[in-house]
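Listed here are the chains, written in short residue letters.
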Amino acid sequence: MAQLNSRGTLTRARWDYFEHSNGVSSIFGSVATGFIGAYFANNSTGATAIDIYTLNWSASVAGQFFITLLLPPLILTPITPIESHIFALAPDVATPPGVNGMFSANAGAFETYVRYSAATSGDELAPIMGSYFATLPPGWAISINGFGSPNPCELAMTVWYQYVTDNIAPAP
């Protein structure tokens with residue numbers, strides 16, 4: 001997928017089926033009150049990046065939420081998720097690198113990608129169609145987080161991604 005969006009030009013608006021590293025991360029959990037977040041991180045030990053195709057999220061309570069990039073090191077207060085999965089899209093290939101989790105506080109550096117100022121309970125960030133695009137270097141994460149409400153709130157996040165295996169040098 002990296003070649004499809006390299007050098008700022010989207011040449012094809014579709015998945016690169018010549019790659020064999022497509023994955024899905026799915027996680028959901030809840031808090032009794034206050035801040036809640038879910039993240040997907042690149043846990044690669046090398047220099048290989050992860051391209052994010054789509055991030056879909058929903059919350060049981062409308063609130064002010066943010067899609068953020070979390071910079072290393074991740075300094076998060078963890079929440080035990082209700083359910084969490086990471087798997088390959090193709091059943092006959094290994095699961096690509098990546099890790100997900102949930103948190104109730106972030107003390108690390110972050111960059112806001114999308115801010116939902118009005119109370120909302122879900123959305124989809126879909127960079128494959130040429131709008132946004134996110135590539136996670138090793139150690140970086142993408143997250144949805146915010147203040148659900150003073151009541152219990154459940155948050156779910158699904159990320160479709162690809163471990164970049166076709167790294168190419170930047171254009172001269």
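Residues numbered from 1 in each chain as written. Predicted model: local features only at pLDDT ≥ 70, side-chain atom pairs only at ≥ 80, totals over all residues. Heavy atoms only, no water.

### As for the overall build of the protein
Within the protein, the secondary structure is distributed over zero helices and 10 strands. The buried share of the protein, reckoned over its 172 residues, is 45%. The contacts in the protein between residues at least 6 apart in sequence include a share of 88% that link residues at least 24 apart. For the protein, the computed accessible surface area is about 8300 Å², with 58% contributed by carbon and sulfur atoms. (Helix = DSSP H or I, 4+ residues; strand = E, 2+ residues; numbered from the N terminus. Buried < 20%, exposed > 50% of the residue type's maximum accessible area, 1.4 Å probe, protein only. Contact = heavy atoms within 4.5 Å. Areas by Shrake-Rupley, 256 points an atom, 1.4 Å probe, with all protein chains shown as cover.)

### Some remarks on the confidence of the model for the protein
For the protein, mean pLDDT is 83; residues scoring 70 or higher make up 80% of the total. In this model, residues 1-15 is a region of pLDDT below 50 whose contacts with residues beyond four sequence positions or in other chains number 40 contacts. (pLDDT = per-residue confidence, 0-100.)

### Considering the packing of aromatic side chains
Counted by the stated rule, this structure contains six aromatic pairs. Taken together, Phe35, Tyr39, Phe103 and Phe147 form an aromatic cluster joined through their ring pairs. (Phe/Tyr/Trp six-rings, centres within 6.5 Å; stacked < 30°, edge-to-face > 60°.)

### Side note on the nonpolar core
Ranked by internal contacts, the top residues of the largest apolar core, which has 27 residues, are Phe40, Ile52, Trp57, Ile67, Ile142, Ile144 and Leu155. The element best represented in this core is strand S3 (residues 50-70), accounting for eight residues. Leave out the neighbours within four places in its chain, and Ile144 touches Ile36, Gly37, Ala38, Trp57, Phe65, Phe66, Ile67, Tyr116, Leu155 and Met157. Core analysis: the second largest hydrophobic core is formed by six residues, Phe35, Tyr39, Ala41 and Ala141 among them. (Core = buried A, V, L, I, M, F, W, Y, C linked by side-chain atoms within 4.5 Å.)

### Some points on the environment of Phe40
Inspection of the secondary structure puts Phe40 in strand S2 (residues 34-41). Residues Phe40 and Leu69 lie 29 residues apart in sequence; the distance between their C-alpha atoms is 9.7 Å.

### Considerations on the pairing of strand S1 (residues 22-31)
Counting buried positions over the 10 residues of S1 gives seven, a clear majority of the element. With 10 bridges connecting them, S1 and strand S10 (residues 153-163) associate as antiparallel partners. Within the sheet, the bridge partner assigned to Ile27 lies in S10 and is Met157. (Pairing = 2+ DSSP bridges.)

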